[in-house]
Amino acid sequence: MYMPTCPDTTLVALTIGGNDAGFPSIMQSCAFEGCPAEDDIDRAIDETMPKVEKTLREIHLQAPSAKIVLLGCPQLFDEDSLTCVSGVGGAGMVRINAMARTMASAQQQMVTTPHSSGVPVSYESPDPDFAGRRACDDPEGIDKIVVVPPGER
């Protein structure tokens, strides 16, 4: 990964990890076939964290004065609205939220390693900002999954 040196940068905020852990394909599986086993999801997240840590270290090398903020991903669904037509069903909504919590936990644990090695990184959860605005809330801040027939994508 090439990144220009940015010695004057004081803040870098980023989201990273969900795509690397396969969340888009997991969401698709949840909508069409049923969610993958929790062990498979946990393994994908565990395998992703070293890549995330490496990226954070590379950012620090390129922007040594910057505070780095790793932003987590929010839980997508309001689990109190399990009757909502979400595209993944009530059980899928619970599983997808569990994935977000597992990823958040792994990211929070992971940032302590680079931080203790001199990389100024912190973790911020956007989850409180989405309370009352998740898919199936009124108003929705996150759109529900829309299942489109083949050929209309």
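Quick look at the structure, then. Not measured: the values here are computed from a predicted model. (Residues numbered from 1 in each chain as written. Predicted model: local features only at pLDDT ≥ 70, side-chain atom pairs only at ≥ 80, totals over all residues. Heavy atoms only, no water.)

Another aspect to go through is the pattern of salt bridges. Applying the stated criterion across every chain, the model contains five salt bridges. A salt bridge links Arg134 to Asp127, with the nearest nitrogen and oxygen atoms 3.2 Å apart. The burial state of Arg134 is the same as that of Asp127; both residues are buried. (Salt bridge = Lys/Arg side-chain N within 4 Å of Asp/Glu carboxyl O. Buried < 20%, exposed > 50% of the residue type's maximum accessible area, 1.4 Å probe, protein only.)

Following the criterion strictly, the structure yields one disulfide and no others. A sulfur-sulfur distance of 2.0 Å marks the disulfide that ties Cys30 to Cys35. Between Cys30 and Cys35, the S-S torsion sits near 125°, and that sign places the bridge as right-handed. Using a relative accessible area of 5% as the deciding quantity, one classes Cys30 as buried. (Disulfide = S-S within 2.5 Å.)

Consider a sheet: its strands pair through backbone hydrogen bonds, and that pairing is either parallel or antiparallel. Reading across the sheet, the three strands line up as S1-S2-S3 and stay open at both edges, with parallel pairing between neighbours. Every interior strand has two partners, whereas the edge strands, strand S1 (11–14) and strand S3 (121–124), have only one. Taken over all neighbouring pairs, the strand axes of this sheet differ in orientation by 20° on average, direction set aside. Bridge count between S1 and strand S2 (residues 67–71): four bridges; the pairing is parallel. Residue pairing across strands places Ala13 opposite Val69, the latter belonging to S2. Of the strands in this sheet, S1, S2 and S3 are in contact with helix H2 (residues 38–62), which crosses S2 at around 155°. (Pairing = 2+ DSSP bridges. Helix = DSSP H or I, 4+ residues; strand = E, 2+ residues; numbered from the N terminus. Axes fitted to C-alpha atoms, helices over the stretch in contact; angles between N-to-C directions. Contact = heavy atoms within 4.5 Å.)

Take helix H1 (residues 23–32) next. Considered for burial, the residues of H1 that qualify are Phe23, Ile26, Met27, Ser29 and Cys30. Mapping the buried residues of H1 onto a view down its axis gives an arc of 160°, with all of them on the same face. Backbone geometry just downstream of H1 places Gly34 in the positive-phi region, at approximately 110°. (Arc of directions from axis to C-beta.)

Moving on, we get to the environment of Ala66. Topologically, Ala66 is positioned in the loop between H2 and S2. Once the C-alpha coordinates of Ala66 and Pro120 are considered, the two residues, 54 residues apart in sequence, prove to be 7.5 Å apart. Excluding anything up to four places from it in sequence, Ala66 contacts Thr9, Thr10, Leu11, Val12 and Pro120.

What follows is about the environment of Gly92. Tracing the backbone shows Gly92 in helix H3 (residues 89–116). Along the chain, Gly92 and Cys35 lie 57 residues apart, while their C-alpha atoms are 6.4 Å from each other.

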